[in-house]
Number of protein chains: 2
Amino acid sequence: MSNLDLSYDIVGIGNAIVDIISHENDDFLSRHRLVKNSMSLVDEQTALAIYSEMHPAIQTSGGSAANTMAGISLLGASSGYIGKVKDDELGKFFVHDIEAVGVDHLVTPIPSGLPTARSMVLVTPDGERTMNTYLGASSTLFAEDIDPEIIAAADYLYCEGYIWDVETTKQVIRLAMSIAKESNKKVSFTLSDTFCVERHHQEWLELIAGPIDILFGNEAEFLTLSGCPSLERAIDWIRGQVEIACITEGSKGSTIVTEDQIIKIEAHLVEKVTDSTGAGDLYASGFLYGLIKQFDLQTCGTVGSLVAAEVISHTGARPQSSLNDLVSSTLNL
Amino acid sequence: MSNLDLSYDIVGIGNAIVDIISHENDDFLSRHRLVKNSMSLVDEQTALAIYSEMHPAIQTSGGSAANTMAGISLLGASSGYIGKVKDDELGKFFVHDIEAVGVDHLVTPIPSGLPTARSMVLVTPDGERTMNTYLGASSTLFAEDIDPEIIAAADYLYCEGYIWDVETTKQVIRLAMSIAKESNKKVSFTLSDTFCVERHHQEWLELIAGPIDILFGNEAEFLTLSGCPSLERAIDWIRGQVEIACITEGSKGSTIVTEDQIIKIEAHLVEKVTDSTGAGDLYASGFLYGLIKQFDLQTCGTVGSLVAAEVISHTGARPQSSLNDLVSSTLNL
């Protein structure tokens, strides 16, 4: 932890993961019966089995909410991150990277126990990523790991749907959400993954009717959540259930839905999608940064598109350019 | 180790290193008094101190001779690699990556002792890389780690100058060279780094007069080694001392020197030098692959330029494209 500041613009909670990324052909996915563009939870043995067949990989810090907090910090807002690693090589790497971009890592790494989480990320020639995640230490986040004062003081709380997969970590998010709401702060949430939506469908419908103010997800996730046959119907369905819903639609852009507005945002085009890992996470960075800066919703979405475009143009889910310069020069802010 | 084959086209020996690469500005180098484009040996504390100030990094397998062997294997020749890691996270990562491209890793990782070597690689906006290497486990390579039969059976031996920095590993190279020579095999060597040349100047002059058949180095290294004021003079100096000398000159290409020929090879131009790490290593891959395939020297150099161009166009010192396809399509082989 460094420079603990009790009033962050935003605090994020999620699984603290190091991504092990390689470029593989589609037949790698078929051989392992993996569903493209989804996240599967795997045990350590399966993770190793997949790894053993992967091409040479690069390791970069990942974790959905951590990527989002990194983006927000690089854009210039203050952020803290709650997610647990072990004090092993991968854990040190994760902590280094998140603090190097100015995010305060708010949970002490554990000295023993499960190893730091890792995700085997397979990027196919179309740029889509398919993830196989071993949760390890990130599944050992408990209520005592969060400081209620920090959550209460932050203007926004951001929670990742992925973390719902472990009963104990789910309780941590529920607790954090209730602290934020009691302090009249905004709660934002990302649906994370279609299968994740399926696994937690009923509970998430309740969250949406309850504490969630701002909801992120892609088209497929919103369709799964709503049970609607089309995006138009899903938009009608979510409208008014949350204050703001952001639906990302890949190269088709995104749609921002509020009780009285439907705003269409164009995608910021890139020459080639090298690796889509982190696209949704960084869209959320840009959008939430816009809200923090009190931009209008159209501009929030445009910043989201812009930083998402940066992250899909290279391998890895963390920005490699100065996002602040990128946004300033493009939007003339 | 996998698929042990006793007659490799080439066997390489070097420090087995994982690169931790970040993009930094020139003032980072000044602040730490680092000489651009050089390799400094650092202790674990200094490595950590530099790391703590680095931007978010990516980890990729590196090590000069290991990069060269990876390139040769990807081009389609058979290779083995001698370099020691610990059986820790970084060591497992290193072994995975070298075997994933088809190189046999010929040294069992150590279960305890010093951690796997890592190099903090700082890439500046001009694409130059400055390395800070903690040798760790790679400095514990001993004579009993090499199998004389494997060295004797390989058509080529490739040795990295960097490994000369540790007295015991130096003895391993000397032993390997003598085995290769006794079996009438070719010995190739890379000068690695200007400071490395300075540190081992006298001994390397003796090696050149002795077992080395094929010598690689860049312009600065050849100038330091020869003590000549110009490349032309250095070319005259090395001529006839070794069977083939390859002098790389960055964007100016390379020069191949034999007793009766001086062949100028143009650089294969890239749009942008993203990260020069591995340029020399991969030039050696291409050149040695050409020799193995009995191409003429001009073609050997051209293949070297081509694969060097691939590796400088992205971050990290290992190829990310199919080198075989690249070479076939460019040279119509």
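First, a word on scope: everything that follows refers to the structure included in this document. (Residues numbered from 1 in each chain as written. Chains lettered and ligands numbered in written order. Predicted model: local features only at pLDDT ≥ 70, side-chain atom pairs only at ≥ 80, totals over all residues. Heavy atoms only, no water.)

1. Here we look at the overall build of chain A
Here is step 1: Looking only at helices and strands, chain A features 13 helices and 14 strands.
Here is step 2: For chain A, the C-alpha radius of gyration of 18 Å lies close to 20 Å, the compact-globule estimate for 333 residues.
Here is step 3: C-alpha atoms of chain A, sized along the principal axes, occupy 50 × 40 × 40 Å.
Here is step 4: Here chain A holds 333 residues, and 59% of them are scored as buried.
Here is step 5: Of the contacts formed within chain A by residues at least 6 apart in sequence, a portion of 74% connects residues at least 24 apart.
Here is step 6: Looking at chain A as shown, the accessible area adds up to about 12,500 Å², and 49% of this sits on carbon and sulfur atoms. (Helix = DSSP H or I, 4+ residues; strand = E, 2+ residues; numbered from the N terminus. Rg over C-alpha atoms; globule rule 2.2 N^0.38 Å. Buried < 20%, exposed > 50% of the residue type's maximum accessible area, 1.4 Å probe, protein only. Contact = heavy atoms within 4.5 Å. Areas by Shrake-Rupley, 256 points an atom, 1.4 Å probe, with all protein chains shown as cover.)

2. A few points about the environment of A:Glu167
Residue and element names in this part refer to chain A.
Here is step 1: With respect to the helices, strands and loops of the structure, Glu167 is situated in helix α6 (residues 167-182).
Here is step 2: Between the C-alpha atoms of Glu167 and Val123, which are 44 residues apart in sequence, the distance is 30 Å.
Here is step 3: Engagement of the side chain of Glu167 in a polar contact is seen with the side chain of Lys170, the distance being 3.2 Å. (Polar contact = N/O pair within 3.5 Å; in protein donor to acceptor, adjacent residues only side chain to side chain.)

3. Considerations on the packing of helix α12 (residues 297-312) of chain B against helix α13 (residues 323-331) of chain B
All names here are of chain B.
Here is step 1: Viewed as axis vectors pointing N to C, α12 and α13 meet at an angle of 130 degrees, and their least axial separation amounts to 10 Å. Compared by their axis directions, α12 and α13 come out oblique. At the point where α12 passes α13, the crossing takes the right-handed sense. Counted together, Thr299, Thr302, Val303, Leu306, Val307 and Glu310 of α12 and Leu323, Leu326, Val327, Thr330 and Leu331 of α13 form the full contact between these two elements.
Here is step 2: Split by residue class, the contact of α12 with α13 holds seven nonpolar, three polar and one charged. (Axes fitted to C-alpha atoms, helices over the stretch in contact; angles between N-to-C directions. Parallel < 35°, antiparallel > 145°, perpendicular 65-115°, else oblique. Left-handed = near helix turned anticlockwise from the far one by under 90°. Nonpolar A, V, L, I, M, F, W, Y, C, P; charged D, E, K, R; others polar.)

4. A look at the interface of chain A and chain B
Here is step 1: On the side of chain B, 18 residues touch chain A, which itself brings 18 residues to the contact.
Here is step 2: Overall, the association of chain A and chain B removes approximately 1,700 Å² of surface from exposure, summing both partners, and the carbon and sulfur fraction of that is 59%.
Here is step 3: Together, A:Gln59, A:Glu89 and A:His96 form the three largest contributors to the area buried by chain A at its contact with chain B, with a combined 32%.
Here is step 4: Viewed at the interface, chain B and chain A are joined by two salt bridges.
Here is step 5: Taken together, the links from chain A to chain B amount to seven residue pairs in polar contact (both at pLDDT 80 or more). (Buried area = accessible area lost by both parts, 1.4 Å probe. Salt bridge = Lys/Arg side-chain N within 4 Å of Asp/Glu carboxyl O.)

5. Things to note about the side chain of A:Arg318
All names here are of chain A.
Here is step 1: Among the secondary structure elements, Arg318 is positioned in the loop between α12 (297-312) and α13 (323-331).
Here is step 2: Among the polar contacts made by the side chain of Arg318, one reaches the main-chain carbonyl oxygen of Gly62 at a distance of 3.0 Å.
Here is step 3: Not counting residues up to four positions away in its chain, the partners in contact with Arg318 are Ser61, Gly62, Ala66, Asn67, Ala70, Phe94, Asp97, Ile98 and Val311.

6. Considerations on the nonpolar core
Here is step 1: A:Phe189, A:Leu215, B:Phe189 and B:Leu215 are the most contacted members of the largest nonpolar core, which totals 94 residues.
Here is step 2: Discounting chain neighbours no more than four positions away, the residues touching B:Phe189 are B:Cys159, B:Glu160, B:Gly161, B:Trp164, B:Met177, B:Trp204, B:Leu207, B:Ile212, B:Ile214, B:Leu215 and B:Phe216. (Core = buried A, V, L, I, M, F, W, Y, C linked by side-chain atoms within 4.5 Å.)

7. Digging into the sheet that holds strand β5 (residues 79-82) of chain B
All names here are of chain B.
Here is step 1: Sheet architecture is open: nine strands sit in the order β6-β5-β1-β9-β10-β11-β12-β13-β14, paired in mixed fashion. For this open sheet the edge positions go to β6 (104-105) and β14 (262-265), each flanked by a neighbour on one side alone.
Here is step 2: Pairing of strand β10 (residues 186-190) with strand β11 (residues 214-218) involves three bridges; the strand directions are parallel. Looking across to β11, one finds that Ser188 is bridged to Ile214. (Pairing = 2+ DSSP bridges.)

8. Side note on the sheet that holds strand β6 (residues 104-105) of chain A
Sheets are built from strands that pair by backbone hydrogen bonding, the pairs being arranged parallel or antiparallel.
All names here are of chain A.
Here is step 1: Taken together, the nine strands give an open sheet; going across it, the order is β6-β5-β1-β9-β10-β11-β12-β13-β14, and neighbouring strands pair in mixed fashion. Two strands close off the open sheet at either side, each with one partner strand: β6 and β14 (262-265).
Here is step 2: Note that strand β13 (residues 254-257) and β14 share four bridges and pair antiparallel. Following the sheet pairing, Ser254 is matched in β14 by Ile265.
Here is step 3: Running over the sheet, α6 touches β1 (10-13), β9 (156-160) and β10 (186-190) and is turned about 160 degrees from β9.

9. Overview of the environment of B:Phe189
Here is step 1: Position of B:Phe189 among the secondary structure elements: in strand β10.
Here is step 2: With relative accessibility at 1%, the residue B:Phe189 sits in the buried group.

10. Concerning unusual backbone geometry
Here is step 1: Its identity is not glycine, yet A:Asn37 carries a phi of approximately 75 degrees, on the positive side.
Here is step 2: Examined against the element boundaries, A:Asn37 turns out to sit in the loop between α1 (26-31) and β3 (39-41).

11. Remarks on the relation of the copies chain A and chain B
Here is step 1: Screw-axis analysis of chain A against chain B gives a translation of 0.0 Å along the axis, an RMSD of 0.0 Å, and a rotation angle of 180 degrees. The two molecules are tied by a two-fold rotation axis, judged by turn and shift. In terms of proximity to the rotation axis, the leading residue of chain A is A:Gln59, whose C-alpha is 2.5 Å off the axis.
Here is step 2: With an isologous cut-off of 70% or more, the 100% of interface residues of chain A that recur at the interface of chain B puts this contact in the isologous class. (Least-squares fit on C-alpha atoms with pLDDT ≥ 70 in both.)

12. Here we look at helix α4 (residues 89-100) of chain B
Residues and elements named next belong to chain B.
Here is step 1: In this model, α4 (twelve residues) spans 16 Å end to end at C-alpha, consistent with the 16 Å of a helix rising 1.5 Å per residue.
Here is step 2: By the burial criterion, the buried members of α4 are Leu90, Gly91, Phe93, Phe94, Val95, His96, Asp97 and Ile98.
Here is step 3: Directly after α4, the chain includes Gly102, whose backbone phi takes a positive value near 95 degrees. (Expected span 1.5 Å × (residues − 1).)

13. Observations regarding the packing of aromatic side chains
Here is step 1: Inspection of the entire model under this criterion finds 16 aromatic pairs over all chains.
Here is step 2: When the ring of B:Trp164 is compared with that of B:Trp204, the centres are 6.3 Å apart and the planes differ by 80 degrees; the resulting orientation is edge-to-face. With B:Trp164 in the loop between β9 (156-160) and α6 (167-182) and B:Trp204 in helix α8 (residues 201-209), the pair connects residues that are 40 residues apart, well separated along the chain.
Here is step 3: Relative accessible area serves as the criterion here: at 1%, B:Trp164 is assigned to the buried category.
Here is step 4: Classification of B:Trp204 by relative accessible area gives buried; the value is 0%.
Here is step 5: On the basis of an interplanar angle of 85 degrees and a centroid distance of 6.1 Å, the ring pair of B:Tyr289 and B:Phe295 is categorised as edge-to-face.
Here is step 6: Judged by relative accessible area, which is 9%, B:Tyr289 ranks as buried.
Here is step 7: By relative accessible area, B:Phe295 is classed as partly exposed at 22%.
Here is step 8: Grouped by ring-pair contacts, the aromatic residues A:Tyr158, A:Phe216, A:Tyr283 and A:Phe287 constitute a single cluster. (Phe/Tyr/Trp six-rings, centres within 6.5 Å; stacked < 30°, edge-to-face > 60°.)

14. A word on the pairing of strand β13 (residues 254-257) of chain B
A regular strand places its side chains so that they alternate between the two faces of the sheet.
All names here are of chain B.
Here is step 1: Alternating residues of β13 divide into Ser254 and Ile256 and Thr255 and Val257, and every residue in both groups is buried.
Here is step 2: Alignment of strand β12 (residues 244-248) against β13, held across four bridges, turns out to be antiparallel. In the strand pairing of β13, Ile247 is matched with Thr255.
Here is step 3: Between the antiparallel neighbours β13 and β14 lie four residues.

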